[in-house]
Amino acid sequence: MTTTPEATIADARERIDALDDRIIGLIQERMAVSAVVQQTRIASGGRRVHLSREMEILDRYREALGKPGTPLAMTLLELCRGRS
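Residues numbered from 1 in each chain as written. Predicted model: local features only at pLDDT ≥ 70, side-chain atom pairs only at ≥ 80, totals over all residues. Heavy atoms only, no water.

Undergrad: What is the right way to read the overall build of the protein chain from this model?
TA: What the protein chain contains, in helices and strands, is three helices and zero strands. For the protein chain, the succession of helices and strands along the chain, N to C, is α-α-α. For the protein chain, the C-alpha radius of gyration of 18 Å lies well beyond 12 Å, the compact-globule estimate for 84 residues. A principal-axis box enclosing the C-alpha atoms of the protein chain has dimensions of 65 × 25 × 20 Å. For the protein chain, with 84 residues in total, the buried portion stands at 13%. Considering only residue pairs separated by 6 or more positions, the protein chain has 44% of its internal contacts joining residues 24 or more positions apart. Approximately 7000 Å² of the protein chain is accessible, and the part contributed by carbon and sulfur atoms is 59%. (Helix = DSSP H or I, 4+ residues; strand = E, 2+ residues; numbered from the N terminus. Rg over C-alpha atoms; globule rule 2.2 N^0.38 Å. Buried < 20%, exposed > 50% of the residue type's maximum accessible area, 1.4 Å probe, protein only. Contact = heavy atoms within 4.5 Å. Areas by Shrake-Rupley, 256 points an atom, 1.4 Å probe, with all protein chains shown as cover.)

Undergrad: What is the right way to read the pattern of salt bridges from this model?
TA: Should the charged atoms of two oppositely charged side chains come close, the side chains can pair. Taken as a whole and judged by the stated rule, the model has three salt bridges. The partner of Arg53 in a salt bridge is Glu56, and the shortest N-O contact between them spans 3.3 Å. Of this pair, Arg53 and Glu56 both sit in helix α2 (residues 51-65), three residues apart, which is roughly one turn of the helix. With relative accessibility at 46%, the residue Glu56 sits in the partly exposed group. Put simply, Asp59 and Arg62 hold a salt bridge, and the shortest N to O gap is 2.5 Å. Placement of the pair is Asp59 and Arg62 together in helix α2, with a separation of three residues, close to one helical turn. Accessibility expressed as a relative area gives 37% for Arg62, which makes it partly exposed. (Salt bridge = Lys/Arg side-chain N within 4 Å of Asp/Glu carboxyl O.)

This is the structure:
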């Protein structure tokens, strides 16, 4: 059975929308976990942000996704830092 280009595109867009929903949910989950880490660190006398850890994350995204991974990771880190 042959599908039309329009049907192929519509199906692919549905998959993209579903993937975006999952990505957003994972980001929200990451934000919540990050808040626990930050609160625990502050409660024990540490700083809210751990710069060497952030550098590890930036490196991980760059290695996995290439150059565009760095600004993606920066945005994710910004979202997960919470309100100061």
